[in-house]
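Results of the structural survey
Read off the chains here:
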Amino acid sequence: MINPFKHFARPGLFLFDAETAHGLSIAGLKSSLMPKCRLKDDPRLAQTVAGIRFPNPLGMAAGYDKNAEVPDELLGLGFGFAEVGTVTPKPQGGNAKPRIFRLVNDEGVINRLGFNNAGHAAALVRLKARSGKSGVVGVNIGANKDATDRVADYVAGIRSFYAVASYFTANISSPNTPGLRDLQAKDSLADLLDAVLSARNDEAQKAGRRVPVFLKIAPDLTEEGMDDIAEVVLARDLDGLIVSNTTLARDGLKETRLANEAGGLSGKPLFAKSTAVLAGMRHRVGKSLPLIGVGGVSSAETALEKIRAGADLVQLYSCMIYEGPGLPAEIVKGLSNVLDQQGLSSLRELRDSKVDHWRSLKV
């Protein structure tokens, strides 16, 4: 079946540099020109994770809607949830341009954006304006590059957005803010989570509503690093992990000219690595802790592989650059078709069925 985006719209969009094209896609969503998903919710796809009911397991990952401009429009494409951000307390411009590179032959992207965003205040105004609307909208929080106390920046994110966030993601895994991934080290992670979860519990007591907190980790962890994260997380009331952010690895790329660009690699080249780390974390944390699988999701089958590797929910972003805005609905429909074919009453029946396979892979 011909994908009209790939054959007609994408060639024109790719005439622009990647960051300009991204801005055009945000403008397109704001204009309501994007066709909305017509699929009815399939109750077999609904998932309750960390006390939140997700109408389907597919979400838009952080990084696309950095300033909370179009969360409801994203939900209208068929996503079961949308995650805005990463948002930092103060506005910051990020790294110098150009800072996004399309690896077309690999269907991948390298970015070194550096948490460019308009800050807490601007995002908060927009999220308050959607008060009363349905839909799961998470807020991904981070630290400013020049912060003297990065942990305090994450705590500020919890306090700023507590009234408007369906859930939080503490993003300590971007490779584009110097030293940020150091927060994944055992003692640093313990200090961060203690502060963030204490702030969450304080706000929950005041608001009478407990907002889940997830932690987003990198795919470039050693076995020992994964052990440490699992140990720290399981000793606290964290609500789940998001696995994973972009990778610094460049294995097997066809676009050798761009392979040496600094930044994190996402899209199809990230799929195997991120899925292996996902399975490794599922093995370490057991069956109860929610996991969200991210990295290289481009189809219903790749989304299912994340679930088979241990994911409760799945997110995508980069692959939509290549497949277009119809991808979410295509994946959701494909998941329903698999349940039809296998005679299953719930998508959850497939979770963990290939954990051992994926965690055994050396990628």
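Whatever comes next refers back to the structure up there.
First, a word on what this report is: a plain description of the structure on this page. (Residues numbered from 1 in each chain as written. Predicted model: local features only at pLDDT ≥ 70, side-chain atom pairs only at ≥ 80, totals over all residues. Heavy atoms only, no water.)

Moving on: the overall build of the chain. Check the secondary structure of the chain and you find 12 helices and 13 strands. Expressed as lengths along the three principal axes of its C-alpha atoms, the size of the chain is roughly 50 × 45 × 45 Å. By the burial criterion, 58% of the 363 residues in the chain qualify as buried. If you take every contact in the chain between residues at least 6 apart in sequence, the share linking residues at least 24 apart comes to 74%. Summed over all atoms, the accessible surface of the chain reaches about 15000 Å², with 53% contributed by carbon and sulfur. (Helix = DSSP H or I, 4+ residues; strand = E, 2+ residues; numbered from the N terminus. Buried < 20%, exposed > 50% of the residue type's maximum accessible area, 1.4 Å probe, protein only. Contact = heavy atoms within 4.5 Å. Areas by Shrake-Rupley, 256 points an atom, 1.4 Å probe, with all protein chains shown as cover.)

At a closest axis distance of 9 Å, the pairing of helix H5 (residues 150-161) and helix H6 (residues 186-207) adopts a crossing angle of 20°. It follows from the interaxial angle that H5 and H6 lie roughly parallel. Along this stretch, H5 crosses H6, giving a crossing that reads as right-handed. Taking contact as the criterion, the partners of Val151, Tyr154, Val155, Ile158 and Arg159 in H5 are, on H6, Leu192, Ala195, Val196, Ala199, Arg200, Asp202, Glu203 and Lys206. When grouped by side-chain class, the residues that make up the contact of H5 with H6 number eight nonpolar, no polar and five charged. (Axes fitted to C-alpha atoms, helices over the stretch in contact; angles between N-to-C directions. Parallel < 35°, antiparallel > 145°, perpendicular 65-115°, else oblique. Left-handed = near helix turned anticlockwise from the far one by under 90°. Nonpolar A, V, L, I, M, F, W, Y, C, P; charged D, E, K, R; others polar.)

Glancing now at the pattern of salt bridges. Opposite charge on two side chains lets them pair, provided their charged atoms get close. This model, assessed by the stated rule, comprises 30 salt bridges. Taking the shortest distance from any N to any O, the salt bridge between Lys30 and Glu69 comes out at 2.7 Å. Separated by 39 residues along the polypeptide, Lys30 in helix H2 (residues 18-30) and Glu69 in the loop between strand S3 (58-60) and helix H3 (71-76) bring together distant segments of the chain. Look at Lys30 and you get partly exposed, because its relative accessible area is 45%. Using a relative accessible area of 27% as the deciding quantity, one classes Glu69 as partly exposed. Between Arg159 and Asp202 there is a salt bridge; the shortest N-O distance is 3.6 Å. (Salt bridge = Lys/Arg side-chain N within 4 Å of Asp/Glu carboxyl O.)

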